[in-house]
Amino acid sequence: MRAWFIDATTRMPPHTRFAQLRTDRPSELATFGLIDFRDLWALADALRLLRQAGSLTEDDEATLVKWFRAFGEQLVKRTGGGASLHNNIGVYHDLLVASLAAYTDDRGVLATALAHACLRVVVQVRPWGWQESETGRAAPLHYSLFALQGLIGLAWLGRHCGIDVWSHGNASRRTIPMAARFVATNRRLFSDYAADSIRFDDRIEAALRMIPADAADFDAVADLPRQPLAHPERLGMDDGFMPCERHRGDWAGMLPQSALPNATTLGHT
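We now turn to the structure provided with this report. (Residues numbered from 1 in each chain as written. Predicted model: local features only at pLDDT ≥ 70, side-chain atom pairs only at ≥ 80, totals over all residues. Heavy atoms only, no water.)

1. Some words on the nonpolar core
Generally speaking, soluble globular proteins have nonpolar side chains that are buried together.
Item 1. Residues Trp41, Leu64, Phe68, Leu148, Ile152, Trp166 and Ile176 are the most contacted members of the largest nonpolar core, which totals 73 residues.
Item 2. Among the secondary structure elements, those contributing two or more residues to this core are helix H1 (2-6), helix H2 (40-52), helix H3 (58-77), helix H4 (88-104), helix H5 (107-124), helix H7 (140-161), helix H8 (176-186) and helix H9 (197-209). (Core = buried A, V, L, I, M, F, W, Y, C linked by side-chain atoms within 4.5 Å. Buried < 20%, exposed > 50% of the residue type's maximum accessible area, 1.4 Å probe, protein only. Helix = DSSP H or I, 4+ residues; strand = E, 2+ residues; numbered from the N terminus.)

2. Let's talk about unusual backbone geometry
Item 1. In this model, Asp105 sits at a positive phi of 65°, which is unusual for a non-glycine residue.
Item 2. Structurally, Asp105 can be placed in the loop between H4 and H5.
Item 3. The phi dihedral of Asp217 falls on the positive side, at around 65°, and the residue is not glycine.
Item 4. Within the secondary structure, Asp217 is located in the loop between H9 and helix H10 (219-222).
Item 5. A relative accessible area of 15% places Asp217 in the buried class.

3. Side note on the environment of Arg120
Item 1. For Arg120, the location among the structural elements is in helix H5.
Item 2. Since its relative accessible area comes to 3%, Arg120 is described here as buried.
Item 3. With 31 residues separating them in the primary sequence, Arg120 and Leu151 have C-alpha atoms 9.0 Å apart.
Item 4. Of note is the side chain of Arg120, whose polar atom sits 2.7 Å from the side chain of Asp94. (Polar contact = N/O pair within 3.5 Å; in protein donor to acceptor, adjacent residues only side chain to side chain.)

4. What about the packing of aromatic side chains?
Item 1. This model, assessed by the stated rule, comprises 10 aromatic pairs.
Item 2. When the ring of Phe68 is compared with that of Tyr103, the centres are 5.9 Å apart and the planes differ by 80°; the resulting orientation is edge-to-face. With a gap of 35 residues between them, Phe68 in helix H3 and Tyr103 in helix H4 connect regions that are remote in the sequence. The same class applies to Phe68 as to Tyr103, namely buried.
Item 3. In this structure an aromatic cluster arises from ring pairing among Phe5, Phe37, Trp67, Phe68, Phe71 and Tyr103.
Item 4. Positioned above the aromatic ring of Tyr143, the side-chain terminus of Arg137 is 4.7 Å from the ring centre.
Item 5. In this structure, Arg159 packs its charged tip against the face of Trp156, placed 5.8 Å from the ring centre. (Phe/Tyr/Trp six-rings, centres within 6.5 Å; stacked < 30°, edge-to-face > 60°. Lys NZ or Arg CZ within 6 Å of the ring centre and 35° of its normal.)

5. Quick look at the packing of H7 against H8
Any two packed helices are characterised by how steeply their axes cross, that is the angle between the axes, and by the distance between the axes.
Item 1. Running from amino to carboxyl end, H7 crosses H8 at an angle of 155°, the nearest separation of the two axes being 10 Å. One element, H7, and the other, H8, form an angle in the roughly antiparallel class. When you trace H7 past H8, the crossing you get is left-handed. In this structure, H7 contributes Leu141, Ser144, Leu145, Leu148, Leu151, Ile152 and Ala155 to the contact, and H8 contributes Ile176, Ala179, Ala180 and Val183. (Axes fitted to C-alpha atoms, helices over the stretch in contact; angles between N-to-C directions. Parallel < 35°, antiparallel > 145°, perpendicular 65-115°, else oblique. Left-handed = near helix turned anticlockwise from the far one by under 90°. Contact = heavy atoms within 4.5 Å.)

6. Notes on H3
The periodicity of an α-helix, 3.6 residues per turn, causes residues three or four places apart in sequence to face the same way.
Item 1. For H3, built from 20 residues, the straight-helix expectation of 28 Å at 1.5 Å per residue is met to within 8% by its first-to-last C-alpha distance of 28 Å.
Item 2. Along H3, the positions that sit buried rather than exposed are Asp60, Glu61, Leu64, Val65, Trp67, Phe68, Phe71, Gly72, Gln74 and Leu75.
Item 3. In this fold, the buried residues of H3 make contact with H1, H2 and H4. (Expected span 1.5 Å × (residues − 1).)

Written as structure tokens, this is what we have:
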């Protein structure tokens with residue numbers, strides 16, 4: 001943490017300017033490059049664990065807050081920001097902005113990002129759960145699940161912070177449970193399923209276990225056949241899961257207890 005974010009001689013500048021740089025247009029910001037920073041959303045929780053363990057000084061934490069606030073601001077302000085993208089990149093843009101705002105206690109930014117997430121679900125999940133922006137890709141099941149997992153992360157973060165994305169739904173059933181049902185019931189029709197069917201089955205099962213019973217359209221997944229996870233140790237950040245989640249027996253909820261807001265961070269109990 002000190003090498004990457006605190007020490008002035010080694011730390012990274014708080015921007016994504018050179019992420020996925022295009023050699024043919026080096027001066028152009030590649031909006032999709034922010035996806036290379038998608039794992040930072042889980043880092044905010046790791047920082048809370050370090051703080052609870054007494055491993056960070058007050059000066060360390062002040063510097064970290066400054067860095068992550070600057071990084072979040074450039075995500076929001078940069079030209080062609082990912083918030084406007086109706087695909088997995090847009091999902092992880094919202095998740096990054098919201099999680100970093102929760103860590104830095106920027107409540108207005110957090111509320112805006114989570115409110116935007118409610119609208120994103122309705123726009124991005126087509127009627128009956130189809131994610132049009134992902135099914136046209138070369139690996140359609142992977143990207144459908146990758147985007148779904150990001151939406152699940154957003155929904156859990158929102159619930160912990162007072163904006164309940166899980167309860168957001170409408171008559172056209174454009175909800176996260178419907179997106180989960182679509183991939184679960186149609187998995188064998190995706191061109192990439194056969195290449196790693198066991199892992200895809202695990203990813204789908206883990207996603208289903210993370211949907212709370214009071215979510216809008218929970219009935220869409222309540223009747224689906226369920227199965228044990230074959231290799232939960234294989235599931236990780238590349239799939240959109242928090243690293244520590246693989247060790248949870250029930251896989252219920254995206255965030256561990258340490259990520260819940262408290263009176264000193266978000267003003268919630």
